[in-house]
Amino acid sequence: MAELTPKGMRLHIGLFGRRNVGKSSLLNAVVRQQVSIVSEFAGTTTDPVDKPMELLPIGPVLFIDTAGIDDEGALGQLRIDKTRKAIDRTDVGVIVTDGQWDSFEEHLCAELTERGVPVIAALNKADLHQPPAELIDRLHARKIGVVVVSSTTGQGLDDFRAALLAAAPAEFIDSPAIAGDLVGPGQMAILVVPIDKEAPKGRLILPQVQTIRDLLDSDAMCLVVKERELRAAVENLKHPPALVVTDSQAFKEVAAVVPPNVPMTGFSVLYSRFKGDLITQTLGATAVDTLRPGDNVLVAESCTHHPIEDDIGRVKIPKWLNCYVGGKLNFTTVQGQDFPDDISPYKLVIHCGACMWNRRLMLNRILKCRRANVPITNYGLVIAYSLGIFERALGPFPAALQAFKNAGRK
Ligand code: SF4
């Protein structure tokens with residue numbers, strides 16, 4: 001799906017710097033695939049190379065791998081001109097250096113900041129030499145993001161992703177739609193909203209309200225029903241709905257009623273895409289198969305609501321997962337900002353939909369898990385997985401479904 005995202009909607013990340021500081025190798029290391037020609041000789045990259053890709057957890061980005069801007073001679077001047085043009089279309093500028101930072105880097109930095117482009121200094125080749133502490137302090141003092149990286153050993157690559165996430169302008173981080181892009185104008189979506197003990201008195205919860213609003217903004221129609229009325233709603237429609245979205249707790253009942261040719265998913269799955277990173281959290285759900293009785297599982301909620309008797313995060317998911325693994329798991333629940341610094345003791349993090357948070361906050365939490373090598377998923381995804389209806393719930397999201405299938409083939 002990422003390949004379908006138009007170029008203009010991708011975060012453009014420009015890599016700049018002198019020749020032979022390792023711009024192309026850094027790009028290759030970050031995306032873990034060979035996208036630029038890399039050689040030990042200065043000036044291998046001639047024209048800027050555009051590479052669209054899905055960079056977890058940010059989403060669709062376009063890397064612009066530029067020629068060394070200090071190229072010499074007539075050909076060098078041409079490369080410099082092309083690099084300057086690349087600066088014009090850059091959203092986040094990365095100045096790659098192997099420790100040298102003088103008037104040349106300052107000039108590049110000025111070209112970027114004059115255009116209001118955030119700058120990250122990537123101090124590369126950390127495996128060969130540590131960058132001067134004085135330089136790091138100087139850049140920090142000027143509020144320039146600094147990452148110490150090594151394309152060879154992989155040191156600092158997660159810090160680099162985190163720095164890109166921090167520097168990316170908000171419009172690239174905020175997801176464009178909750179469900180509106182899945183339902184065409186004039187088409188119908190059915191939302192299944194159980195009114196049970198967990199439902200707040202007299203109102204709908206935020207993910208339900210926001211989904212309704214998003215559908216209306218997209219000129220789609222929506223019909224809101226409880227699970228008991230779903231069959232009648234589906235049968236009474238002249239045309240099948242374009243999408244059915246259910247509360248994850250009713251996944252099984254809803255899947256039994258909705259015809260197999262009608263796309264169906266859960267509010268939590270929509271929110272994994274909207275507030276988090278659907279591919280990472282999809283793959284995270286599969287970690288359920290590696291859990292053994294006694295393993296530690298962290299359940300994290302973004303807000304501090306008062307838990308009720310049959311709480312989904314404290315009671316229902318633990319009950320289902322204990323049953324799935326055939327023994328008792330060790331659950332810890334945290335709320336709000338109360339997320340442990342050290343998550344290495346946990347085998348899995350199960351997060352709520354984070355409807356109260358902005359996406360950047362949730363993506364930072366996902367990055368934290370990634371750094372600690374701990375899989376992270378969310379409520380709806382883990383429920384769909386443990387109920388055996390994962391592929392159905394991922395049906396409206398081909399990229400996530402494909403990532404899941406690819407993971408199964410490894
Ligand atoms: S922030 Fe999380 S726990 Fe709070 S209402 Fe939203 S999804 Fe539920």
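Anyway, here's the lowdown on the structure attached to this text. This structure is a prediction, so every number in the text was calculated from the model and none was measured.

**A closer look at the overall build of the protein**
- Secondary structure assignment for the protein yields 16 helices and 14 strands.
- Across the 410 residues that make up the protein, the buried fraction comes to 52%.
- Pairs at least 24 apart in sequence give 75% of the contacts found in the protein among residues at least 6 apart.
- Of the roughly 18600 Å² of accessible surface on the protein, 54% is carried by carbon and sulfur atoms.

**Here we look at the layout of surface pockets**
- Taken as a whole, the largest pocket spans an internal volume of roughly 1100 Å³.
- The wall of the largest pocket is formed by 38 residues, among which Glu198, Ile205, Asp247, Gln249 and Ile312 lie closest to the centre.
- At the level of elements, helix 7 (206-217), helix 10 (267-275) and helix 12 (312-325) are the ones that each hand at least two residues to the lining of the largest pocket.
- Grouping the amino acids of the lining of the largest pocket by side-chain chemistry returns 20 nonpolar, eight polar and 10 charged.
- Viewed by domain, the lining of the largest pocket spans two of them, domain 2 (180-269) and domain 3 (272-409), each represented by three or more residues.

**A look at the side chain of His12**
- Within the fold, His12 resides in strand 1 (residues 11-17).
- Overall, the relative accessible area of 10% leaves His12 in the buried class.

**Considerations on the packing of helix 12 against helix 14 (residues 379-386)**
- Relative to each other, helix 12 and helix 14 sit at 30 degrees, their axes nearing to 11 Å. Classified by the interaxial angle, the pair formed by helix 12 and helix 14 is roughly parallel. Once helix 12 is placed against helix 14, the crossing between them reads as left-handed. Residue-level contacts link Ile312, Gly313, Ile317, Trp320, Leu321 and Tyr324 of helix 12 to Tyr379, Val382, Ile383, Tyr385 and Ser386 of helix 14.
- Considering only residue class, the contact of helix 12 with helix 14 consists of nine nonpolar, two polar and no charged.

**Some thoughts on the site of the ligand**
- Near the ligand the following residues occur: Glu301, Ser302, Cys303, His305, Cys352, Gly353, Ala354, Cys355 and Met356.
- With respect to the detected pockets, the ligand is housed in the largest pocket.
- Residues that form the shell around the ligand fall into these classes: five nonpolar, three polar and one charged.

**A few points about unusual backbone geometry**
- Of note in the backbone geometry, Lys143 takes a positive phi value of approximately 65 degrees without being a glycine.
- Structurally, the position occupied by Lys143 is in the loop between helix 4 (133-141) and strand 6 (145-148).
- One non-glycine residue with positive phi stands out, namely Asp219, at about 60 degrees.
- By the element assignment, Asp219 lies in the loop between helix 7 and strand 8 (221-225).
- Owing to a relative accessible area of 55%, Asp219 belongs among the exposed residues under this scheme.

Conventions adopted
Residues numbered from 1 in each chain as written. Predicted model: local features only at pLDDT ≥ 70, side-chain atom pairs only at ≥ 80, totals over all residues. Heavy atoms only, no water. Helix = DSSP H or I, 4+ residues; strand = E, 2+ residues; numbered from the N terminus. Buried < 20%, exposed > 50% of the residue type's maximum accessible area, 1.4 Å probe, protein only. Contact = heavy atoms within 4.5 Å. Areas by Shrake-Rupley, 256 points an atom, 1.4 Å probe, with all protein chains shown as cover. 1 Å grid on protein atoms, 1.4 Å probe; cavity = no way out; pocket = protein on both sides within 12 Å on 5 of 7 lines; lining within 4 Å. Points joined across faces, edges and corners; volume = space filled by probe spheres on them. Nonpolar A, V, L, I, M, F, W, Y, C, P; charged D, E, K, R; others polar. Domains from an automatic or database assignment. Axes fitted to C-alpha atoms, helices over the stretch in contact; angles between N-to-C directions. Parallel < 35°, antiparallel > 145°, perpendicular 65-115°, else oblique. Left-handed = near helix turned anticlockwise from the far one by under 90°. Near = heavy atom within 4 Å. Sits in = over half its atoms within 2 Å of the grid points.

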